[in-house]
Amino acid sequence: MSKFINTTVIGLTIGILFVVGAVIVTGEPTLFWNLPSAFIIIGGTVAAIITSFPLTRLKTFGSVGKKAFKKEEYNLEEDILTLVKISELSRKEGLLALEDSVDDLTEDDFIRKGIRFIVDGADEEQLRNLLEGSTYFMKQRHQKGASIFEMIASIAPSLGLLGTYVGLIPMLNNLDDATALGPMMALELVSSFYGAFIAYVIFSPLARRLKSMSKEEEYRREILIEGLADIHQGKNPRLILEELCAFANITIDTEKSAEKEKAEEIPVNPAFKAKGMA
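Visitor: Describe the nonpolar core, naming the residues involved and giving the relevant values.
Guide: Of all hydrophobic cores here, the largest spans 28 residues; its most connected members are I115 and L228. Residues I148, Y194, A199 and F203 belong to the second largest nonpolar core, which totals 25 residues.

Spelled out as structure tokens, the structure:
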């Protein structure tokens with residue numbers, strides 16, 4: 001389930017409001033509007049991005065941008081308790097009992113994938129390789145998405161410098177005409193202002209946000225992989241709980257979790273119940 005991260009919206013809003021406020025406080029905000037500067041920064045950035053990335057990557061720009069404002073809501077405590085429940089079921093009914101109950105055990109696709117690998121007979125090394133490979137390619141996808149934002153953040157200030165050159169060259173050529181110096185100087189400085197604003201207030205923070213989200217997901221998956229490997233080994237559920245809590249650096253109240261388990265029991269396939277009674 002995704003939800004807006006308030007800090008992203010708040011941070012961007014504060015940054016934009018303060019910069020715009022500073023422009024207004026100068027008393028002459030119209031001086032900060034310069035069409036040639038906008039053409040250089042916006043046109044140059046768009047052209048550089050189109051040149052650098054294939055169409056398939058460019059199409060993901062909007063969806064990746066949305067992800068910077070959204071985040072999968074993860075609960076490590078809930079994940080650990082889910083893995084402990086799965087381990088209890090596997091020790092009680094056997095690993096094959098997980099096959100028909102996998103959709104009832106969890107809604108998380110990564111845990112489901114790990115359970116299916118276990119049921120399909122993967123050994124521990126294969127299980128780790130498959131899940132770590134999935135995590136690696138997830139990281140690659142995330143890095144590709146963030147790379148467009150990083151490129152914009154790096155290009156915009158450079159294009160601001162290019163705008164400075166565009167204004168500086170004619171200005172130096174017209175030093176004898178005092179009336180022409182003002183507009184040319186404005187082109188120089190406003191170009192740098194646009195480039196710095198786009199890079200340091202908008203795109204650089206968004207790129208960092210995407211990277212941070214990717215790191216959090218990678219960290220969570222590492223804990224899940226350890227838990228799934230423990231289930232494969234048939235470790236005691238209590239040991240799994242202690243081990244994963246140590247990895248995640250959290251403490252879980254087992255009494256409260258026991259009350260939750262009573263309220264939400266994992267349904268077991270009747271066939272396995274009948275088999276156990278037989």
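Visitor: Break down the confidence of the model for the chain for me, with residues and values.
Guide: Taken residue by residue, the chain gives an average pLDDT of 83. The fraction at 70 or more is 85%. Low confidence marks residues 271–278, where pLDDT is under 50. Its contacts with residues over four positions away, or in another chain, come to 5 contacts.

Visitor: Which residues make up the packing of aromatic side chains, and what values go with them?
Guide: Counted by the stated rule, this structure contains 6 aromatic pairs. Their ring planes at 75 degrees and their centres at 5.3 Å tell us that Y136 and F137 sit as a pair that is edge-to-face. F137 gets classed as exposed once you look at its relative accessible area, which sits at 54%. Summarising the aromatic geometry, the rings of F149 and F203 are spaced 5.8 Å apart at their centres and angled 45 degrees between planes, so their arrangement reads as tilted. Within this pair, whereas F149 is found in helix α8 (residues 124–173), its partner F203 is found in helix α9 (residues 178–233), the two being separated by 54 residues in sequence. Taking relative accessible area as the criterion, F149 reaches 2% and is therefore assigned buried. Exposure remark for F203: the relative accessible area of 16% places this residue in the buried category.

Visitor: Explain the side chain of D230 to me, and be specific about the residues and the numbers.
Guide: When you line up the elements, D230 lands in helix α9. Overall, D230 belongs to the buried group, its relative accessible area being 2%. Those residues within four positions of D230 in sequence are excluded, and the remaining contacts are K235, I240 and E243.

Calculation criteria
Residues numbered from 1 in each chain as written. Predicted model: local features only at pLDDT ≥ 70, side-chain atom pairs only at ≥ 80, totals over all residues. Heavy atoms only, no water. Core = buried A, V, L, I, M, F, W, Y, C linked by side-chain atoms within 4.5 Å. Buried < 20%, exposed > 50% of the residue type's maximum accessible area, 1.4 Å probe, protein only. pLDDT = per-residue confidence, 0-100. Contact = heavy atoms within 4.5 Å. Phe/Tyr/Trp six-rings, centres within 6.5 Å; stacked < 30°, edge-to-face > 60°. Helix = DSSP H or I, 4+ residues; strand = E, 2+ residues; numbered from the N terminus.

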